[in-house]
Amino acid sequence: MKSTLILKVSDILQRDHFGDAQVVAGRKGLSRAVKWTHIMEVTEIGQLLNGNELILSTGVGWANEDLSLSFLRQLIDQNVSALCVELGTYINSIPEGMIELAKQHQFPLIVFNQEVRFIDITQDLNGLMIKTRDKMMSDLEAFSNQLNHLLLSTDGFKGVLRLLHDYLDVQVIYEPVDSQVLFYPTVEKSKRETLLSKIHSRSHDLSESTASQPIQALGHKFADLIIFSQSEAWTEFDYLVLDRTATALAQDQLRLLYVEEKRKYKENRWVQKWLNGDHRQEEIEQHLSSLESSLKPKGCTVCLCKVDFSEREPDFTYYTMIFRSIFEQQGFFLLATYEWNQMTFVLLNKRKKADWKSRMNRALEQIQKTELIKEQLATPAYFGVGKLLDHLNCLHESYHMAQETLYAQEKIGKLDNPYYEELYIYQLVSQLNKQGSLEAFVTDYLSPVLEYDDKHKSQMFDTLKVFLEVNGSKKEAAKRLFIVRQTLYHRIEKLKELLGEDFMEPEKRLAIEFGVYAKGFLYEQT
């Protein structure tokens, strides 16, 4: 480590003003760092010190040994680096109690056996510390420039780890959140496990031999950068170098995220053009081959997933990874694109066509049961699946079918089997609605009943709907409506009056029944 960039008590003892100084206790603490020099004659320190000071004193306030011991204890508690005492003016010797206390804490206790000028000492040492700090900042700036240069190279990441190791002479450990731990320089497997065990078993306060800094970008933590050394303690410079390195790696991660985001954006645009029918068959096959050379699709379909995430900024990349794994298990190759509340999955069938729906059902069921989905969704997810089509350049047709299926569920409620083929009559309802004819159709066939209900606050429409659903069974209709059969007879007569005596004849009944479904589609939104 760059120990020359920090002043220690042992370095200060080499200065001219300390030529006659004598260490009377705490020699093992001479490696303590010194950040400032301060003259102190008061015996109550309070909050006057920040730590790592070299204290100069004449002992003028030490009226008795208890006061001197109290003073020394306060210095030790405040993490002072050393105490220098001038003998002869106010005290002739250091009390034995102070010497013993200093030895217990390896606290350097230094004496001047003759009068010295404290002002000369403070000017000399504080000037030296300022120069040392300026040198430290200059070296730190040079280190940062080397980091920036490395990040522009082809092997920038490993180069940064190597530079950190060389600069501080430490073992560097890069521990990603979701991948393998890297060591620089590399170490044997047994030693790796020992180091990791030591790091992970430590308390929240960093031990003297390890220091770490998180690698974060865009509010996400990607890794921990850890340094390990047999040194007694880390210096301020070590922490600054570690922090600059972590910042550089975070910037590199941000660059990689930007590149990946551009790639995803380009991929999303390509998929969107495919969904719009803008790619030819040859273009599609060529692009898919570049993604997976062995891919030979046996049909393609589109699955839409409408979601309402409880979190403000969901990580769609993470969700897509989960869905891709699920669909792959069921024999589908996945390409995905997404908007704020909707994910679009292009699914290429890799297995036989006969069981594609059963495999799709298993995939959708597994997605719904995923703990992450259950925790993060404010409401259940809605799916819409188009037909499985043979030709890749017809994918846009399946896309429109999936949209129709999703739209229908917004009107009539969630379907157990969210497939376009299973919309049945709602396929026709949706088409008429697009043409703007659906409301007129409902008015033509159902307006007498609806107007009567509105005027008399009755339930004629509900009676009609149930009567049609049970295929004209009076017994079953009365049961489902919770009314006696005589009341039902009166209602049926009223329906004949409103709709005509022939309202249950096949052709007219079919039109009226279609109108009932159409009304539900238009007005009974979920």
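Bear in mind that the values here come from a model prediction, so they are computed numbers and not experimental data.

A. Main features of the pattern of salt bridges. Across all of its chains, the model carries 20 salt bridges by this definition. One salt bridge connects Arg-117 with Asp-120, and the closest N-O pair in it is separated by 2.6 Å. Assessed through its relative accessible area of 24%, Asp-120 is described here as partly exposed. Among the salt bridges present, the one from Lys-369 reaches Glu-365, with a minimum N-O distance of 3.0 Å. Taken together, the residues span about one helical turn, with Lys-369 and Glu-365 both in helix H10 (residues 356–369) at a distance of four residues. You can call Glu-365 partly exposed: its relative accessible area is 44%. Through salt bridges with shared partners, one network takes in Arg-280, Glu-282 and Glu-283.

B. Representation of the pairing of strand S9 (residues 220–228) in the model. Two elements, strand S6 (residues 171–176) and S9, share six bridges in a ladder whose sense is antiparallel. Following the sheet pairing, Pro-176 is matched in S9 by Ala-223. Here strand S8 (residues 210–217) pairs with S9 via eight bridges, running antiparallel. The partner of Gln-216 across the bridge, within S9, is Lys-221.

C. Inspection of helix H18 (residues 506–523) at higher detail. With 18 residues, H18 should cover 26 Å at 1.5 Å per step; its first-to-last C-alpha distance of 26 Å lies within 8% of that length. Of all the positions in H18, only Arg-509, Ala-511, Ile-512, Phe-514, Gly-515, Val-516, Ala-518, Lys-519, Gly-520, Phe-521 and Leu-522 are classed as buried. Those residues of H18 that are buried lie in contact with helix H12 (395–412), helix H13 (425–435), helix H14 (438–456), helix H15 (460–469) and helix H17 (485–499).

D. A look at the sheet that holds strand S1 (residues 21–25). Reading across from one edge, S1-S5-S4-S3-S2 is the order of the five strands in this open sheet, with mixed pairing throughout. In this open sheet, the two strands that pair with only one neighbour each are S1 and strand S2 (36–39). Put simply, the sheet's adjacent strands are angled 25 degrees from each other on average, direction ignored. Alignment of S1 against strand S5 (residues 109–112), held across four bridges, turns out to be antiparallel. Its bridge partner being in S5, Ala-25 is matched across the sheet by Leu-109. Relative to S2, helix H4 (residues 118–151) is tilted by about 160 degrees, and along the sheet it contacts S2, strand S3 (53–57), strand S4 (82–86) and S5.

E. Spatial organisation of the packing of aromatic side chains. All chains considered together, the criterion is met by 16 aromatic pairs. Between Tyr-167 and Phe-237 the ring centres are 6.1 Å apart and the planes differ by 35 degrees, which places this aromatic pair in the tilted class. Of the two residues, Tyr-167 is situated in helix H5 (residues 156–168) and Phe-237 in helix H7 (residues 236–275); the sequence distance between them amounts to 70 residues. Centroid distance Tyr-407 to Phe-521: 5.7 Å. Interplanar angle 70 degrees. Geometry classified as edge-to-face. Placement of Tyr-407 in helix H12 and of Phe-521 in helix H18 is noted, with a sequence separation of 114 residues between them. Given a relative accessible area of 31%, Tyr-407 falls into the partly exposed group. Chaining the aromatic ring pairs together yields one cluster made of Phe-323, Phe-327, Phe-332 and Phe-345.

F. Structural context of H17. When the terminal C-alpha atoms of H17 are compared, their 21 Å separation across 15 residues agrees well with the 21 Å that a helix rising 1.5 Å per residue should span. Within the sequence span of H17, burial applies to Leu-488, Arg-491, Ile-492, Leu-495 and Leu-499. Within H17, the buried residues cover an arc of 105 degrees as seen down the axis, which keeps them to one side. Away from the buried face of H17 by more than 90 degrees, exposed residues His-490 and Glu-497 are located. Buried-residue contacts for H17 involve H14, H15, helix H16 (474–481) and H18. At the C-terminal side of H17, Gly-500 shows a positive phi close to 110 degrees.

G. A look at the nonpolar core. Leu-438 and Leu-464 are the most contacted members of the largest nonpolar core, which totals 33 residues. Elements supplying a minimum of two residues to this core: H12, H13, H14, H15, H16, H17 and H18. Among all residues touching Leu-438, those that are not within four sequence positions of it are Val-429, Leu-432, Asn-433, Phe-514, Ala-518, Phe-521 and Leu-522. Formed by 28 residues, the second largest nonpolar core is a distinct cluster that contains Leu-147, Leu-163, Leu-164 and Leu-225.

H. Inspection of the packing of H15 against H17 at higher detail. The interhelical angle for the contact between H15 and H17, taken along N-to-C directions, is 100 degrees, at an axis separation of 10 Å. Between H15 and H17, the interaxial angle falls into the category roughly perpendicular. Here Met-460, Thr-463, Leu-464 and Phe-467 of H15 lie close against H17, whose contacting residues are Leu-488, Arg-491, Ile-492, Lys-494, Leu-495 and Leu-499. Among the residues making up the contact of H15 with H17, the classes are represented as seven nonpolar, one polar and two charged.

The rules behind these values
- Residues numbered from 1 in each chain as written.
- Predicted model: local features only at pLDDT ≥ 70, side-chain atom pairs only at ≥ 80, totals over all residues.
- Heavy atoms only, no water.
- Salt bridge = Lys/Arg side-chain N within 4 Å of Asp/Glu carboxyl O.
- Buried < 20%, exposed > 50% of the residue type's maximum accessible area, 1.4 Å probe, protein only.
- Helix = DSSP H or I, 4+ residues; strand = E, 2+ residues; numbered from the N terminus.
- Pairing = 2+ DSSP bridges.
- Expected span 1.5 Å × (residues − 1).
- Contact = heavy atoms within 4.5 Å.
- Axes fitted to C-alpha atoms, helices over the stretch in contact; angles between N-to-C directions.
- Phe/Tyr/Trp six-rings, centres within 6.5 Å; stacked < 30°, edge-to-face > 60°.
- Arc of directions from axis to C-beta.
- Core = buried A, V, L, I, M, F, W, Y, C linked by side-chain atoms within 4.5 Å.
- Parallel < 35°, antiparallel > 145°, perpendicular 65-115°, else oblique.
- Nonpolar A, V, L, I, M, F, W, Y, C, P; charged D, E, K, R; others polar.

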